Amino acid sequence: MNNLSHLLRGIPPSATVAISDKARALKAQGRDVIALAGGDPDFKTPQHIIDAAIKAMNAGDTNYPPAQGKPKLLEAVAAKLERENGVKVSPSQVIVTPGGKWALYLAIAALVNPGDEVMILEPAWVSYDPIVSLNGAVPVHVSLPNDQNFLVTEEILRQHLSPKTKAIMVNSPSNPTGRVLTRGEVDAIVKVANAADLYVISDEIYEYLLFDGAVHYSLAAEPGMAERTITINGFSKAYAMTGWRLGWLAAPQPIVKLAMKLQTHSVTSAASFSMAAGIAALNGPQDCIQEMVASYAARRRFMLDALAEIPGIACAPIEGAFYLFPSFPHSTLNSVQVADALLEKADIACTPGIEFGAAGEGHVRFSIATAMSDLERAVERLARVVPGL
Ligand code: PMP
Ligand code: GLU
């Protein structure tokens, strides 16, 4: 087996996917596992979006669609970017992908040469590091300070710069920390990116999930950034469409041109009827998003209040996304041991913080894209088990 791919042998499997699959399998065996592991909204995709896909299929929309995306969808994405994000791109600067994950992969593949360094602000989503490594570039782990709620500063970015730095990966609102970059943090990134001539991959997939007045800034709209930013987004979180596998990127034209080579030699395109659904999602009523956000806000409030009552667990009030990232200040267990103990003793599946980089050690991630009834049961179990960890 030693002659198989060194690149693939060198990366871990996706912990978020693996733990979600494990929780699903345990449930299928009859075990009453509460899955707080994966970021998969428990809502059904809004009906008008489903109807659009069915209508498309019934009308014979089952052939290969245009590889870059249906023109109407490219237009809808460009219009959305201008309307909501203050980002001006032409439809030809958009690529529709099978999921935001593939958009990230295309972005990195189009940017890097072997040995180029890509800064990852950690804790970071589990797939950033492998996506960089698989493309022959070097992930540079920027451990954000745990004791300052993972604040991004110009200083910490500059400390990790080298002549080989090519890009920074940014994710706000953040999976897993729930942080939303403040005006000051955005300014720090913009300043360093412009000064050091870096690309920025701005993963904005949780942009609507904002709490307590947090504001989302799109990096491509900032001064000097349009030419150096690849915006990543998708339908999975905003419209509860994880299974449809539909995302997109928007980038300067030369990057789109290269990324399209990889798209057409690999996946070809996103699915035709998923794109029909995406058009309905972007051009249809948007109140479905606000309804889901209101529900996440209620769950967040419930969880923060409930966890504050449990000795041995500390949880910062998240500003966005749908993950809590608590720590266990009195426990000597590491995050893998805590997650194992929660599964064994409380039948709660969650993701160990170490999976999001060294800066995540000591934490676990709970997804609150989970029904309130499950969260209530989870809290009861946590109250019983956490004080003994
Ligand atoms: N970015 C982040 C930060 C995520 O958490 C996810 C996980 N769903 C994605 C991108 C990709 O999502 P999808 O491929 O379902 O669009
Ligand atoms: N992004 C979600 C998560 O972090 C879904 C699983 C995945 O794609 O990683 O749980």
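None of the values given here were measured: they were computed from a predicted structure.

(A) A look at the packing of helix α3 (residues 47-58) against helix α10 (residues 272-283). Relative orientation of the contacting elements α3 and α10 amounts to 140°, with a least axis distance of 8 Å. In terms of orientation, α3 lies oblique with respect to α10. Read as a crossing pair, α3 and α10 show a hand that is right-handed. Together, H48, I49, A52, A53, A56 and M57 of α3 and F273, A276, A277, A280 and A281 of α10 make up the contact between the two elements. When the residues that make up the contact of α3 with α10 are grouped by side-chain class, the tally is ten nonpolar, one polar and no charged.

(B) Spotlight on the sheet that holds strand β8 (residues 247-250). With respect to topology, seven strands assemble into an open sheet ordered β2-β8-β7-β6-β5-β3-β4, the strand pairing being mixed. The sheet is open, and its two edges are formed by β2 (94-97) and β4 (138-143), each paired on a single side. Recorded for the sheet is a direction-independent mean angle of 20° between the axes of neighbouring strands. Direction of pairing for β2 relative to β8: antiparallel, over a ladder of four bridges. Of the residues in β8, the one forming a bridge with I95 is L249.

(C) Structural context of the packing of aromatic side chains. Scanning the entire structure with this criterion turns up ten aromatic pairs. Both rings, one in F43 and one in Y296, keep their centres 5.5 Å apart while their planes meet at 85°; by these two values the pair is edge-to-face. Taken together, the residues F43 in the loop between β1 (34-35) and α3 and Y296 in helix α11 (residues 287-308) connect sequence positions 253 residues apart. If you follow R183 out to its NZ or CZ, it ends over the ring of Y217, 4.6 Å from the centre.

(D) Broad picture of empty space enclosed by the protein. Applying the stated rule across the entire model yields four cavities of 30 Å³ or more. Reported here for the largest cavity is a volume of approximately 180 Å³. Along its surface, the largest cavity is lined by 18 residues, and L121, P123, L144, N171 and S174 are the ones closest to its centre. Here the element with the most residues in the lining of the largest cavity is strand β5 (residues 165-171); it accounts for three residues. Tallied by class, residues from the lining of the largest cavity come to eleven nonpolar, five polar and two charged. Empty space within the second largest cavity amounts to approximately 60 Å³. Lining the second largest cavity are K80, E207, Y208, N233, G234, F235, A238, Y239, W248 and L282. Partitioning the lining of the second largest cavity into residue classes produces six nonpolar, two polar and two charged.

(E) Layout of the pattern of salt bridges. This structure, assessed with the given rule, holds 21 salt bridges. Linking R301 and D305 is a salt bridge whose minimum nitrogen-to-oxygen distance equals 2.9 Å. On the criterion of helical spacing, the pair formed by R301 and D305 is a turn pair, its members being four residues apart in helix α11. Residue R301 is classed as partly exposed on the basis of its relative accessible area, which comes to 40%. It is possible to trace a salt-bridge network through shared partners that takes in D32, D374, R377 and R381.

Cut-offs applied
- Going along each chain's sequence as written, the residues are numbered from 1 onward.
- Following the order in which they are written, the chains are lettered starting with A and the ligands numbered starting with 1.
- In view of the model being predicted, local features appear only for residues whose pLDDT reaches at least 70, and side-chain atom pairs are presented and counted only at 80 or more, with totals across whole chains, interfaces and linings using the full set of residues.
- Heavy atoms throughout the structure, all of them, feed into the side-chain values; hydrogens and water do not.
- Here the axes come from fitting lines to C-alpha atoms, over the contacting stretch only for helices, and the angles between their N-to-C directions go from 0 to 180 degrees.
- Here a strand is any run of E in DSSP of at least two residues, a helix any run of H or I of at least four, and the numbering for each starts at the N terminus.
- Small angles under 35 degrees read as roughly parallel and large ones over 145 as roughly antiparallel, with 65 to 115 read as roughly perpendicular and the rest as oblique.
- Crossing handedness follows the turn of the near helix against the far one: under a right angle anticlockwise gives a left-handed crossing, and clockwise gives a right-handed one.
- Contacts between residues were defined by any pair of non-hydrogen atoms, one from each residue, lying within 4.5 Å.
- Any residue outside Ala, Val, Leu, Ile, Met, Phe, Trp, Tyr, Cys, Pro, Asp, Glu, Lys and Arg is labelled polar, Gly included; the first ten of those are nonpolar and the last four are charged.
- By this definition, two strands are paired if DSSP reports at least two bridges between them.
- Aromatic pairs are defined between Phe, Tyr and Trp rings, using the six-membered ring for Trp, whenever the two ring centres lie within 6.5 Å; interplanar angles under 30 degrees are classed as stacked, those over 60 as edge-to-face, and all others as tilted.
- Criterion for a charge above a ring: Arg CZ or Lys NZ at most 6 Å from the ring centre, at most 35 degrees from the ring normal.
- Of the two site types, the cavity is a set of points on a 1 Å grid over the protein atoms alone where a 1.4 Å probe fits but cannot get out, and the pocket is an open set with protein on both sides within 12 Å along at least five of seven lines, each lined by residues with an atom within 4 Å of a point.
- Grid points are joined across faces, edges and corners, and a volume is the space filled by probe spheres set on the points.
- Salt bridges are counted wherever a side-chain nitrogen of Lys or Arg sits within 4 Å of a carboxyl oxygen of Asp or Glu.
- Partly exposed describes any residue whose relative accessible area lies between the buried limit of under 20% and the exposed limit of over 50%, with all areas from a 1.4 Å probe on protein chains only and scaled to the type maximum.

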